[in-house]
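# A structural walkthrough
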Amino acid sequence: MRFSVLASSSKGNATVICGGDTRLLVDTGISATRIRNGLKECGLSVPQLSALLFTHEHTDHVCGLGQLAKKDKLHIYCTRYMGQELRCITDNASYTYIEPGSTVQIGDIRVTPFSVHHDATDPVGYLFEYNEKKLGYVTDTGKIPHVMTELLQGVDALYLESNYDPQMLQNSGRPYYLIERIASNFGHLSNAQACDFVRTIAHPRLQHVVLAHLSQDCNTPDTAFNCMQQTLNELQLSTTLHCAPAATRLPWIHLA
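All residue numbers refer to positions counted from 1 along the written sequence of the respective chain. Totals for whole chains, interfaces and linings use all residues, but because this is a predicted model, local features are given only for residues with pLDDT of at least 70 and pairs of side-chain atoms are given and counted only at 80 or more. Computation of side-chain values: all heavy atoms of the structure, hydrogens and water removed.

Time to look at the nonpolar core. Buried Ala, Val, Leu, Ile, Met, Phe, Trp, Tyr and Cys residues form a nonpolar core when they are joined through side-chain atoms within 4.5 Å. We call a residue buried when its accessible area falls under 20% of the maximum for its residue type, exposed when it is over 50%, and partly exposed in between, using a 1.4 Å probe and counting protein chains only. Membership of the largest hydrophobic core comes to 54 residues, with the highest contact counts inside it found for Ile-17, Leu-74, Ile-76, Leu-86 and Phe-128. Note on contacts: a residue pair is in contact if any heavy atoms of the two residues lie within 4.5 Å. In this structure Leu-86 touches Phe-54, Glu-57, Val-62, Leu-65, Ile-76, Cys-78 and Tyr-95, once residues within four positions along its chain are discounted. Membership of the second largest hydrophobic core comes to 25 residues, among which are Leu-152, Ile-201, Val-209 and Leu-232.

So this is what it looks like as structure tokens:
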């Protein structure tokens, strides 16, 4: 299994995941042009995608969907309530509804969605499995649900939101209600919360951690990276740490 982050930030998110002959795109939160260009860098195209999956319906996760669907036939997997939101963007796609906690087979990849805590319509994270390798995919959650901790024990790689630094958030000049929303149980994970989660699932075979969905106003890549690297050092893990870029593609990460 391998994956490449086309973009990740509080302004746009999209990731390609491949296993065997199966190619998945998770979220379309950047322009269709950027998605097509990112796929081209990966040696892929939209018609080659086996399916699109979505974490939730917020703009920074779906904004490219409408334009993609105008040119290519898309196969979308999402929860039923999320599907009602996505159909408002495009009904020119085939929809397969999935349920949190229920595993589905999409080509060669096993996919298990799980519920997360965010102010969206039935938001989910994912566990992807192929050839005995596991990738946990978590973005946009204000706290860690117990089921997520259970499911992601033993993952070989983890894509994990590390959205904000609390002090930078407080000093951001943002309206109080927005600060409260971001830091709430239905907002986002701070750098410290991301580190705490890694501590709960850490094991010697954790090959990669990708820090994702960084706020461009309330975080910096260095701040998030240094916080997590200190945690990995404390745990005496040789895990490779990455920060997903906002404007460029994170090259393929292979799970050996």
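What follows continues from the structure just given.
This part is about the packing of helix 8 (residues 191-201) against helix 9 (residues 221-234). Any two packed helices are characterised by the angle at which their axes cross and by the distance between the axes. Axis lines are fitted to C-alpha atoms, over the contacting stretch for helices. Their N-to-C directions set the angle, which ranges from 0 to 180 degrees. A run of H or I in DSSP counts as a helix once it spans at least four residues, and a run of E counts as a strand once it spans at least two, with each numbered from the N terminus. One way to put it is that helix 8 packs onto helix 9 with a least axis distance of 9 Å and a crossing angle of 25°. In terms of orientation, helix 8 and helix 9 fall into the roughly parallel class. Regarding helix 8 and helix 9, the two cross each other, and that crossing is right-handed. In this structure, helix 8 contributes Asn-191, Ala-192, Ala-194, Cys-195, Val-198 and Arg-199 to the contact, and helix 9 contributes Thr-223, Ala-224, Cys-227, Met-228, Thr-231, Leu-232 and Glu-234. Under this grouping Gly is polar, as are all residues other than the nonpolar Ala, Val, Leu, Ile, Met, Phe, Trp, Tyr, Cys and Pro and the charged Asp, Glu, Lys and Arg. Across the contact of helix 8 with helix 9, the residue classes tally to 8 nonpolar, 3 polar and 2 charged. Any angle from 65 to 115 degrees is called roughly perpendicular, while one under 35 is roughly parallel, one over 145 is roughly antiparallel, and all others are oblique. Left-handed is the label given to a crossing in which the near helix is rotated counterclockwise from the far helix by less than a right angle, and right-handed is the label when the rotation is clockwise.

Before going further, it helps to spend a moment on the packing of aromatic side chains. Pairing of aromatic rings covers Phe, Tyr and Trp, the last counted by its six-membered ring, and requires centre-to-centre distances within 6.5 Å; plane angles under 30 degrees mean stacked, over 60 mean edge-to-face, and any other angle means tilted. In total, this model carries 3 aromatic pairs according to the counting rule given. Centroid distance Tyr-137 to Tyr-159: 4.0 Å. Interplanar angle 5°. Geometry classified as stacked. Note that Tyr-137 is positioned in strand 10 (residues 133-138) and Tyr-159 in strand 11 (residues 157-161), a separation of 22 residues in sequence. Taking the relative accessible area as the measure of exposure, Tyr-159 reaches 1% and is therefore buried.

Turning our eyes to something else, we now look at unusual backbone geometry. Of note in this structure, Asp-122 is not a glycine but carries a positive phi near 55°. The topology assignment puts Asp-122 in the loop between strand 8 (109-115) and strand 9 (124-130). Positioned with a positive phi, Asp-140 is a non-glycine residue whose angle comes to about 60°. The topology assignment puts Asp-140 in the loop between strand 10 and helix 5 (146-151).

The strands making up a sheet associate through backbone hydrogen bonding, with each pair oriented either parallel or antiparallel. We call two strands paired when DSSP finds no fewer than two bridges between them. Strand order in the open sheet formed by 7 strands is 6-5-4-3-2-1-14, with mixed pairing between adjacent strands. Edge positions in the open sheet fall to strand 6 (93-97) and strand 14 (250-254), since each of these has one partner strand only. Between one strand axis and the next, the sheet turns through 25° on average, direction left out of account. Pairing of strand 2 (residues 12-19) with strand 3 (residues 22-26) involves 5 bridges; the strand directions are antiparallel. Its bridge partner being in strand 3, Gly-19 is matched across the sheet by Thr-22.

Among all positions of helix 8, only Asn-191, Ala-194, Cys-195, Phe-197, Val-198 and Ile-201 are buried. Buried positions in helix 8, seen along its axis, are confined to an arc of 160° and lie on one side of it. In the core, the buried residues of helix 8 are packed alongside helix 5, strand 11 and helix 9. Along the arc lie the directions from the helix axis toward the C-beta atoms.

The next thing to look at is the pairing of strand 6. Relative to strand 6, strand 5 (residues 74-78) runs parallel, the two being bridged by 5 bridges. Of the residues in strand 6, the one forming a bridge with Ile-76 is Tyr-95. Read from strand 5 through helix 4 (residues 80-86) to strand 6, the crossover connection turns out right-handed. Crossover handedness is defined here as right-handed if the route from the first strand over the helix to the second strand goes clockwise, with the strands pointing away from the viewer.

Here we come to the pattern of salt bridges. Salt bridge criterion: a side-chain nitrogen from Lys or Arg within 4 Å of a carboxyl oxygen from Asp or Glu. Here the structure, examined in full by the defined rule, presents 9 salt bridges. Of the charged contacts in the structure, one is a salt bridge between Arg-87 and Asp-91, with a shortest N-O distance of 2.5 Å. Overall, Asp-91 belongs to the exposed group, its relative accessible area being 53%. The residue Glu-234 makes a salt bridge to Arg-199 at a minimum N-O spacing of 3.5 Å. Linking Glu-234 in helix 9 with Arg-199 in helix 8, this pair joins segments that are 35 residues apart in sequence. In this structure Arg-199 comes out as partly exposed when scored by relative accessible area, which is 37%.

This brings us to the layout of surface pockets. Think of a ball as big as a water molecule: rolled over the atoms, this probe shows where empty space is left. A cavity, in this analysis, means grid points on a 1 Å lattice covering only the protein atoms where a 1.4 Å probe fits yet has no way out; a pocket is instead an open set bounded by protein on both sides within 12 Å along at least five of seven lines, and a residue lines either one if it has an atom within 4 Å of a point. Grid points are joined across faces, edges and corners, and a volume is the space filled by probe spheres set on the points. Estimates place the volume of the largest pocket at around 190 Å³. By residue number, the principal contributor to the lining of the largest pocket is helix 7 (residues 176-183), which donates 3 residues. For the lining of the largest pocket, the per-class residue count stands at 2 nonpolar, 8 polar and 6 charged.

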